[in-house]
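Commentary on secondary and tertiary structure
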Amino acid sequence: MEANGSAPQRARDGKHVVTLREVADAAGVSTSTVSRVLDDRVPPSRSATAERVRAVADQLGYRRNTFASSLRRGQTATIGVLVPRLSDTVMALMYEAISRAATRLGYFTVVATTGDNPADESDAARTLLARNVDGLIVASSRRDDPLPRELRERGVPHALVLRTDGISPSSVGDDEAGGYLATRHLIDLGHTGIAVLSGPLFASTAVGRLAGARKALREAGIEEVPEWIVETTFGIEDGEEAGNRLFRSTSRPTAVFAANDNLALGVVAAAHRCSLTVGDDVALVGYNDIPLSQRLPVPLTSVRTPFDQIAATALDLMLATTPVDDPIRRAMPTLIPRRSSGSHRATIAAGPQAAGNVHHRE
């Protein structure tokens, strides 16, 4: 154990591990005093004794054993994270951001995938809680998901990320603002024939981004074309299928807002199949700004999600010891313009084929 005075401890590399007892003996104080002074979960004391303890600890090379101290508190310093799938770049980026934020606070993260299936999500949550994680961060929540309610009723520390049920502590992007930015960008480039691939409407992300797109269209007096508002899942294949239908129709849109970058990649593939050039014949905006976006042959205009900010806020919400006044925290996204949204030329290039695509309210 960390604080007994028996045989010297050895690290895995064979070096001596300095104990609390040794720091206490050298500083002339009790082990409880040393533990209190070196506990980084509380504001540091500026007393002469505390300064002496910290100086001695530094001199001896003491390193706090987070795992041992967590066990003494009945905690494991481990946080469970639920994501739909790690093959989704957005979810992988989100998990990595959560892991970085947790490490800075002295926590270890363990991830479980749910396949966007509520039953699998509940099973994964139970499995993680049975392993005594100190809380859960859930990136797989649906709007009608029973899991957040169950966690609230059981008093389990938790926070939702990216998606929210509107009740549990949540750290999300401002999806409505992001959908508005993407669509307004296309409108400002002169487009009026704008299609929207929303993503699945069981996810708050899809609902918010679609709401933002519709707000931009209304403000510009552009009437929606029902067949151009397409609910999909978030996969590349779904974007390609939707793009094929849009581009092969008798009157096609001149611009597409895809509610995530995977969908946008599918639209790129569909455009290629239909002999259209993204950025010239059709304008395209994605969402999340995954690393691949700027490395495509035609770099993708995308709405950047601040993953690190969202992750840090989620940890703050999950670790809060008292209820917070504003449990739904929204981080502002940023539009990153690139070649794929092209210019007004895309509207002109569509020519007579897209002549029926201009729909204004009188």
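For the protein chain, an unreviewed UniProt entry supplies the name LacI family DNA-binding transcriptional regulator and the organism Rhodococcus jostii.

1. Looking at empty space enclosed by the protein
Tallying each qualifying case throughout the model produces two cavities of 30 Å³ or more. Put simply, the second largest cavity is a space of about 30 Å³. Every residue along the wall of the second largest cavity is listed here: Thr-114, Asp-116, Asn-117, Pro-118, Glu-121, Ser-140 and Arg-142. Taken together, the residues of the lining of the second largest cavity break down into one nonpolar, three polar and three charged.

2. Some remarks on the side chain of Arg-338
One can find Arg-338 in the loop between β14 (334–336) and α13 (345–350). By relative accessible area, which is 16% here, Arg-338 ends up buried. Looking at Arg-338, its side chain comes within polar contact range of the main-chain oxygen of Leu-300, at 2.8 Å.

3. Describing helix α7 (residues 146–154)
Of all the positions in α7, only Leu-147, Pro-148 and Leu-151 are classed as buried. Buried residues in α7, looked at end-on, bunch into an arc of 100°, giving them a common side. N-capping of α7 is provided by Asp-145, with a side-chain oxygen placed 3.0 Å from the backbone N of Leu-147. Looking one or two places after α7, you find Gly-155, whose phi comes out positive at around 70°.

4. Thoughts on the sheet that holds β14
Taking strand neighbours across the sheet as the criterion, the six strands line up as β9-β8-β10-β11-β12-β14 in an open arrangement whose pairing is mixed. Strand pairing shows two members of the sheet lacking a second neighbour, β9 (229–230) and β14, which therefore form its edges. Relative to strand β12 (residues 301–304), strand β11 (residues 283–288) runs parallel, the two sharing four bridges. Across the sheet, Tyr-287 pairs through a bridge with Val-303, a residue of β12. Sheet strands touched by helix α11 (residues 261–273): β8 (194–197), β10 (255–258), β11 and β12. Its angle to β11, the strand with the most contacts, is close to 155°.

5. Looking at the sheet that holds strand β5 (residues 135–138)
Read from one edge of the open sheet, six strands run β4-β3-β5-β6-β7-β13, paired in parallel fashion. Only two strands of the sheet have a single neighbouring strand rather than two, namely β4 (108–113) and β13 (328–331). Within this sheet the neighbouring strands show an average axis-to-axis angle of 20°, counted without direction.

6. Description of the packing of helix α8 (residues 175–188) against helix α9 (residues 204–219)
Axis separation between α8 and α9 bottoms out at 6 Å; the angle between their running directions is 40°. Comparing their axes, α9 and α8 come out oblique. Classified by chirality, the crossing of α9 by α8 is right-handed. Residues Asp-175, Glu-176, Gly-179, Tyr-180, Thr-183, Arg-184 and Ile-187 of α8 form the contact with α9, whose own contacting residues are Ser-204, Thr-205, Gly-208, Arg-209, Ala-211, Gly-212, Ala-213, Lys-215, Ala-216, Leu-217 and Glu-219. Class assignment for the residues of the contact of α8 with α9 results in six nonpolar, six polar and six charged.

Rules and cut-offs
Residues numbered from 1 in each chain as written. Predicted model: local features only at pLDDT ≥ 70, side-chain atom pairs only at ≥ 80, totals over all residues. Heavy atoms only, no water. 1 Å grid on protein atoms, 1.4 Å probe; cavity = no way out; pocket = protein on both sides within 12 Å on 5 of 7 lines; lining within 4 Å. Points joined across faces, edges and corners; volume = space filled by probe spheres on them. Nonpolar A, V, L, I, M, F, W, Y, C, P; charged D, E, K, R; others polar. Helix = DSSP H or I, 4+ residues; strand = E, 2+ residues; numbered from the N terminus. Buried < 20%, exposed > 50% of the residue type's maximum accessible area, 1.4 Å probe, protein only. Polar contact = N/O pair within 3.5 Å; in protein donor to acceptor, adjacent residues only side chain to side chain. Arc of directions from axis to C-beta. Pairing = 2+ DSSP bridges. Contact = heavy atoms within 4.5 Å. Axes fitted to C-alpha atoms, helices over the stretch in contact; angles between N-to-C directions. Parallel < 35°, antiparallel > 145°, perpendicular 65-115°, else oblique. Left-handed = near helix turned anticlockwise from the far one by under 90°.

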